[in-house]
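Listed below are the residues making up each chain.
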Amino acid sequence: MQSISPRVKALAVSQTLAMSQKSAELKAKGIDVINLSVGEPDFNTPSHIKAAAVKAIEDNFSFYSPVAGYMSLRKAIAAKLLNENNVEFSPEQIVVGNGAKHALSNVILATVAPGDEVIIPTPAWVSYVEMVKLAEGVPVTVETKLEQNFKISPEQLAAAITPRTRAIILCSPSNPTGSVYTCEELKALAEIIALHPDMLVIADEIYEHILYTGKDFVSMASFDNIKSQVVLINGVSKAYAMTGWRIGFCAAPVEIAKAVSKLQGQTTSGASSIAQKAAEAAYTGSQECVEEMRLAFERRRNLVVKLARQIPGMRVSEPQGAFYLFPEVNSFLGTVAPDGRTINTSGDLALYLLEEAHVATVDGAAFCAPGFIRMSYATSDENLVEAFARISKALAVLK
Ligand code: PMP
Ligand code: GLU
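Rules used in this analysis
Sequence positions are assigned chain by chain, starting from 1 and proceeding in written order. Starting at A for chains and at 1 for ligands, labels are handed out in the order in which the entities are written. Side-chain atom pairs in this predicted model are given and counted only at pLDDT of 80 or more, local residue features only at pLDDT of at least 70, and totals for whole chains, interfaces and linings cover all residues. To get the side-chain values, all heavy atoms of the structure are used, and hydrogens and water are removed first. A run of H or I in DSSP becomes a helix once it reaches four residues, and a run of E becomes a strand once it reaches two; helices and strands are each numbered from the N terminus. By this rule the span expected of a helix is its residue count minus one, scaled by 1.5 Å. Burial status follows relative accessibility: with a 1.4 Å probe on protein chains alone, a residue under 20% of its type maximum counts as buried, one over 50% as exposed, and anything between as partly exposed. Working rule for contacts: check all heavy atoms of both residues, and any pair within 4.5 Å makes them a contact. Each residue is tested against the molecule or strand, and it is near if at least one of its non-hydrogen atoms lies within 4 Å. Think of a polar contact as two N or O atoms within 3.5 Å of one another; within protein, one of them needs to be a possible hydrogen donor and the other a possible acceptor, and neighboring residues in sequence only count if both atoms come from side chains. Surface accessibility follows the Shrake-Rupley procedure with a 1.4 Å probe radius. Residue values consider only the protein chains on display as shielding. Aromatic contacts are taken between Phe, Tyr and Trp rings whose centres are within 6.5 Å, Trp giving its six-membered ring; a plane angle under 30 degrees counts as stacked, one over 60 as edge-to-face, and the others as tilted. One requirement defines pairing of two strands: DSSP has to find at least two bridges between them. Residues were grouped as follows: Ala, Val, Leu, Ile, Met, Phe, Trp, Tyr, Cys and Pro as nonpolar; Asp, Glu, Lys and Arg as charged; and all remaining residues, including Gly, as polar.

Draft legend 1. Expanded view of helix H4 (residues 71-85). Its 15 residues place the ends of H4 20 Å apart at the C-alpha level, agreeing with the 21 Å of an ideal helix rising 1.5 Å per residue. Along H4, the residues that are buried comprise Leu 73, Arg 74, Ala 76, Ile 77, Ala 78, Lys 80, Leu 81 and Asn 85. Here the buried face of H4 lies against strand S2 (94-97), strand S7 (230-235), strand S8 (248-251) and helix H10 (273-284). A positive backbone phi angle near 60° is found at Asn 86, which sits one or two residues after H4.

Draft legend 2. Looking closely at the site of ligand 2. The environment of ligand 2 is made up of 13 residues, and the closest members are Thr 16, Gly 39, Lys 101, Asn 175 and Arg 374. Contact distances for ligand 2 include 3.0 Å between an oxygen atom and a side-chain N or O atom of Lys 101. Note that an oxygen atom of ligand 2 is positioned 3.1 Å from one of the side-chain N or O atoms of Trp 125. Relative to its unbound accessible surface of 280 Å², ligand 2 loses 88% to contact with the protein.

Draft legend 3. Broad picture of the packing of aromatic side chains. Evaluation of the coordinates by the stated rule reveals 13 aromatic pairs. Arranged with centres 5.5 Å apart and planes meeting at 80°, the rings of Trp 125 and Tyr 128 form a pair that is edge-to-face. The pair formed by Trp 125 and Tyr 128 is uniform in burial state, with each residue classed as buried. For the ring pair Phe 150 and Phe 326, a centre distance of 5.9 Å and an interplane angle of 75° mean the geometry is edge-to-face. Of the two residues, Phe 150 is situated in the loop between strand S4 (138-143) and helix H7 (154-160) and Phe 326 in the loop between strand S9 (324-325) and strand S10 (335-336); the sequence distance between them amounts to 176 residues. Accessibility classification places Phe 150 together with Phe 326 in one group, the buried group.

Draft legend 4. Structural detail: the sheet that holds strand S13 (residues 362-363). Here we have three strands laid out as an open sheet, ordered S9-S14-S13, and antiparallel in their pairing. Each edge of the open sheet is held by one strand with a lone partner, namely S9 and S13. Direction of pairing for S13 relative to strand S14 (residues 373-376): antiparallel, over a ladder of two bridges. Of the residues in S14, the one forming a bridge with Val 362 is Arg 374.

Draft legend 5. Representation of the site of ligand 1 within the structure. With respect to spatial proximity, 13 residues lie near ligand 1, and among them Ala 100, Asn 175, Asp 204, Tyr 207 and Lys 238 are the closest. In the model, an oxygen atom of ligand 1 is placed 2.9 Å from a nitrogen or oxygen of the Lys 101 main chain. Contact distances for ligand 1 include 2.8 Å between an oxygen atom and a side-chain N or O atom of Ser 237. Out of a free accessible area of 390 Å², ligand 1 has 93% covered by protein chains. Tallied by class, residues from the shell around ligand 1 come to six nonpolar, three polar and four charged.

Given below as structure tokens:
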């Protein structure tokens, strides 16, 4: 038996990726599974972005790229941050990595010392807690409820801060809940964070463009009183339908950017040269594609909220962003299915829906929120209608 390090032994498997793989396996066996598990746009990458990648290949962008990313891309990102988010970061403060996930883990490894506490409002995206554990930090989860639209209140934040607090990870629009903090709500949190100058806010803004509030997105870095405490995380995966290209970035105080760069220089080096050129085209080209996709997501959001509310016992709050529905399913727990199995947990329910209704969802427990399931509605309207019809039928026969 090979021995595996305790660090990796203690790590949970990414449930979003695991569920997606499971559904792919069933599909390969010929079962018609509708996959609402993994969160990724179902659109193809826009043509002008693909063309930039082809050109990069032809222009021989085949050599190692600078560790922190091409200067032209970092300049494009700095311009995007200024023009779209009204925040000023110099290219030296930006480090491009292999997706926002990589940028996040780099930042956490570069800033969290063993024993440091990191506040994570839950429900939270699957990887935050695990990344903090990997850095030997202490994840401090703070539960938010459906009734508060899953948003941490200033009082909850203040109560969670201790002398060991190193950071809070905020995700708005949120994966998995779809909730979005208003400007006033962010300001109230910023006032508390400003009282603790050694504390960082790691603001995961990957879903900034997938927004249905009718208002402009507000970046956490736009509050002057905490500007030197904010690390922004963003990337091209969601806004430009580029999940497989693996480009994301952090924008941070210069010392943190330098530390992230050092770490990246010893682990993965600069991100793919071709994908960086594609990302540059995404940030500098026409933004019409972003709005087209957003409109489709908004239409689907309206559809799934309507369909979910037609299912007796399923409670949902209306998502204001991202592409996830996060229904509470407690009323189905403790029931028995026609095949005799007992549904005790939201995990049992997700498995039942996969095996009986052939719809893949993710157990809320993966997001530190048992009693819920997550459904990604980044799929066609037809798939969504069919998925909800199947779910509705499967839930109706639980006794
Ligand atoms: N943060 C959140 C909240 C996400 O949902 C995702 C999606 N995987 C990521 C970060 C990572 O995105 P990327 O594909 O850029 O690594
Ligand atoms: N962010 C997506 C999700 O939550 C992709 C999977 C992942 O990176 O975990 O489903």
